[in-house]
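# Understanding the architecture of this molecule
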Amino acid sequence: MNLTEPNCGLKYLPSTSSSQSKPRSPNQELLPLTAKVNSRDCLEIGGCDITTLVEKFGSPLYVLDEFTLRTACRQFRDAFKTYYPGESQVIYASKAWNCLAVCHIVSSEGLGLDVASGGELYTALKAGVSPEKIYLHGNNKSVGELSLAIENNCTIIVDNWLELKTLAQIGLDRPETGPISIMVRLTPGIECHTHEYIRTGHIDSKFGFDPNDMDEVFIFISKQPQLNLTGLHAHIGSQIFELQPHRDLGEVLAEWMKKAGDRGLKITELNVGCGLGIRYTETDDPPSIEEWVKTVSEGVVAACKSRQLPLPKLFSEPGRSLIGSSCVTAYTVGNRKTVPDIRTYVAIDGGMSDNPRPITYESLYRAVVANRMSDPLKEKVTIAGKHCESGDVLIKDYQLPETTPGDILVVMGTGAYNYSMASNYNRLPRSGAVLVSEGEANLILQRETYEDLLRQDLLPERLVID
Ligand SMILES: Cc1ncc(COP(=O)(O)O)c(C=O)c1O
């Protein structure tokens, strides 16, 4: 392969004529850590040839690299051990990708899980995650969701007054369950540079208690022995490349920890959320997991020290940075349309239903042609999905080698907020997912069938005309 002209424009891809190529160093690339180019000039991940995977499992196909995912789990866990002098617990924000296999892998690495609905909670429990390591989020939890968490001894991250009062009542109504473990989520009032839809820390946010309410919240909780408040939580947003807002969050949370103490509440846990960005394109330059953990740890330690507070158990909730880079999506190339003097569209067999991020947040992605990895870049094309929506474009005006129908296009960095935000728009069955590791590929999400699409459909008798 010509290193100056790899088909994705990524200069780090190994030049190789065999699958002996060296794995590349982390943080240098957009593909999962085990990516190689094999002797057939095809992309291999986890020792599995992507084109063979598509032949066997069809496309679109999410390909999740177990090694990359486990490596990220360990990086978070070990970095906290290195940089935070107190106790710590990393909990995976499972909204990024919640399914049995992912919950199981992450929890087997010692991580806890945050869940944002009854469905995510149910999946985590079925995956065997220890309930005491599960934290329930949500700005409008139902009584059913709260009850499921309470019955399983999970911790509830309380978001608002209605929920707090509901929990206080549930605690009174069901004394046999014992005190309900809660943390309180507050809006920290920290602005950061990310898309408006994934900002959560600014004051005008639907999440968490307004700072003006916090004193009253502490007074209320101090009078409810059926509620066991262990900690405070705040999250500033997602896909953030700056470190300073994360450091500032330590100050904000420590100050509230002190104020809770003034109201007689002993807070022993702080949860700083996450939001660390990842590389979707070659120009993205996020801090490393280590840098992020170091910053957060130092911020919390300094903030507690200056207020003479004991170090809390420190929780973090990475989603995207834990799983985003460990997955790619493989598509089959189909139709091509050239609009003279404007652009050429190359259509693939998925799109906004398996990856809604470009149409939702104008997110950028990069791709390679997996069956001809060393072909030179030849033309600028726009990779279009197959949905009835003009905005269903995955990558706009992007240099690729010449593609023909049947080629396998691999979009990188699709581990976070792709499957979990997938839909059946246009009644496309949801894509399957395989977990790859050391040459083995295991189906972890079955591709939906047309029958699956009809499973919940009902045709009222009176509409059926004989
Ligand atoms: C409360 C909370 N915690 C954690 C996360 C994970 O964020 P990220 O995937 O950016 O790490 C999110 C996502 O926005 C969130 O809302």
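Residues numbered from 1 in each chain as written. Predicted model: local features only at pLDDT ≥ 70, side-chain atom pairs only at ≥ 80, totals over all residues.

Now for the site of the ligand. Within the structure, the ligand sits among 18 residues, and A93, S238, C274, G319 and R320 are positioned closest to it. Among the residues making up the shell around the ligand, the classes are represented as 7 nonpolar, 8 polar and 3 charged. (Near = placed C-beta within 6 Å. Nonpolar A, V, L, I, M, F, W, Y, C, P; charged D, E, K, R; others polar.)

Here the chain is described as being made up of domain 1 (36–65 + 327–452) and domain 2 (137–317). One C-alpha centre belongs to domain 1, the other to domain 2, and the line joining them spans 36 Å. (Domains from an automatic or database assignment.)

Take the nonpolar core next. The biggest cluster of nonpolar side chains holds 126 residues, and the ones touching the most others in it are I50, V63, I156, L253, A330, L409 and V410. Lining this core are residues from two domains, each supplying at least three of them: domain 1 (36–65 + 327–452) and domain 2 (137–317). Residue contacts for L253: discarding those within four places in its chain leaves L232, A234, L270 and V272. (Core = buried A, V, L, I, M, F, W, Y, C linked by C-beta atoms within 7 Å. Buried ≥ 20, exposed ≤ 12 C-beta atoms within 10 Å, placed from the backbone. Contact = placed C-beta atoms within 7 Å.)

Let us look at the sheet that holds strand β1 (residues 36–37). Across a sheet, strands are paired by hydrogen bonds formed along the backbone, either parallel or antiparallel in direction. What the 3 strands build is an open sheet, ordered β1-β2-β3; its pairing is antiparallel. At either margin of the open sheet sits one strand with a lone partner, and together these are β1 and β3 (48–49). Two elements, strand β2 (residues 43–45) and β3, share 2 bridges in a ladder whose sense is antiparallel. Paired with E44 across the two strands is D49, which belongs to β3. (Pairing = 2+ DSSP bridges. Helix = DSSP H or I, 4+ residues; strand = E, 2+ residues; numbered from the N terminus.)

Let us look at the sheet that holds strand β5 (residues 88–93). Strand order around the closed barrel formed by 8 strands is β5-β6-β7-β8-β9-β10-β11-β12, with parallel pairing between neighbours. The sheet shows a mean angle of 30° between the axes of neighbouring strands, direction not considered. As paired elements, strand β11 (residues 269–271) and strand β12 (residues 313–316) share 3 bridges and run parallel to each other. From the neighbouring strand, L270 faces β12, where its bridge partner is L314. Most of the contacts of helix α4 (residues 118–126) go to strand β6 (residues 112–115), to which it runs at about 155°, and overall it touches β6 and β7 (134–136). (Axes fitted to C-alpha atoms, helices over the stretch in contact; angles between N-to-C directions.)

Moving on: the pairing of strand β20 (residues 440–445). Side-chain positions along a regular strand alternate between the two faces of the sheet. Bridge analysis of strand β19 (residues 432–437) against β20 gives 5 bridges, and the strand direction is antiparallel. Of the residues in β20, the one forming a bridge with V434 is L443. What sits between the antiparallel neighbours β19 and β20 is a turn of 2 residues, in which E438 has the positive phi angle 45°.

This part takes up the packing of helix α7 (residues 214–222) against helix α8 (residues 244–262). Contact pair α7 / α8: the axes reach a minimum separation of 10 Å and the direction vectors enclose 45°. The orientation of α7 relative to α8 falls into the category oblique. Here α7 and α8 pass one another in a crossing that is right-handed. Contacts from M214, D215 and F218 of α7 reach α8 at W256, K259 and A260. (Parallel < 35°, antiparallel > 145°, perpendicular 65-115°, else oblique. Left-handed = near helix turned anticlockwise from the far one by under 90°.)

Mean pLDDT over the chain: 92, with 92% of residues reaching 70 or higher. Note that pLDDT drops below 50 for residues 1–28; the model gives that stretch 56 contacts with residues more than four away or on any other chain. (pLDDT = per-residue confidence, 0-100.)

The next point concerns α8. For α8, built from 19 residues, the straight-helix expectation of 27 Å at 1.5 Å per residue is met to within 8% by its first-to-last C-alpha distance of 28 Å. Residues of α8 that are buried make contact with α7, β10 (227–233), β11 and α9 (289–306). Of the residues trailing α8, G264 is marked for its positive phi of about 85°. (Expected span 1.5 Å × (residues − 1).)

The linkage connecting S59 with the following residue, P60, adopts the cis geometry, with an omega of -5°. Tracing the backbone through its elements, the reader meets P60 in the loop between α1 (50–57) and β4 (61–65). Although it is not a glycine, D341 adopts a positive phi angle of roughly 60°. Mapped onto the secondary structure, D341 falls in the loop between β13 (327–339) and β14 (343–348). On the basis of neighbour count, D341 is assigned to the exposed category, with 5 C-beta atoms found within 10 Å.

Within the secondary structure layout, M214 lies in helix α7. With 19 C-beta atoms packed within 10 Å, M214 lands in the partly exposed category. As for M214 and G277, which are separated by 63 residues in sequence, their C-alpha atoms are 29 Å apart. Those residues in contact with M214 that lie beyond four places of it in its chain are L186, F209, W256 and K259.

So, about helix α5 (residues 143–151). Among the residues of α5, E145, L146 and A149 are the ones counted as buried. Burial along α5 is one-sided: seen end-on, the buried residues are contained in an arc of 100°. Opposite the packed face of α5, turned more than 90 degrees from it, sit the exposed residues V143, G144 and E151. Looking at the buried side of α5, the elements it contacts are α4, β7, β8 (155–158) and α6 (161–173). Among the residues trailing α5, N153 stands out with phi positive, at a value near 60°. (Arc of directions from axis to C-beta.)

Another aspect to go through is the environment of N371. Its place among the elements puts N371 in the loop between β15 (367–369) and β16 (379–384). You can call N371 buried: it has 22 C-beta atoms within 10 Å. Put simply, N371 and V410 are 39 residues apart on the chain and 9.5 Å apart in space, counted from C-alpha to C-alpha. Those residues in contact with N371 that lie beyond four places of it in its chain are C42, T51, D407 and I408.

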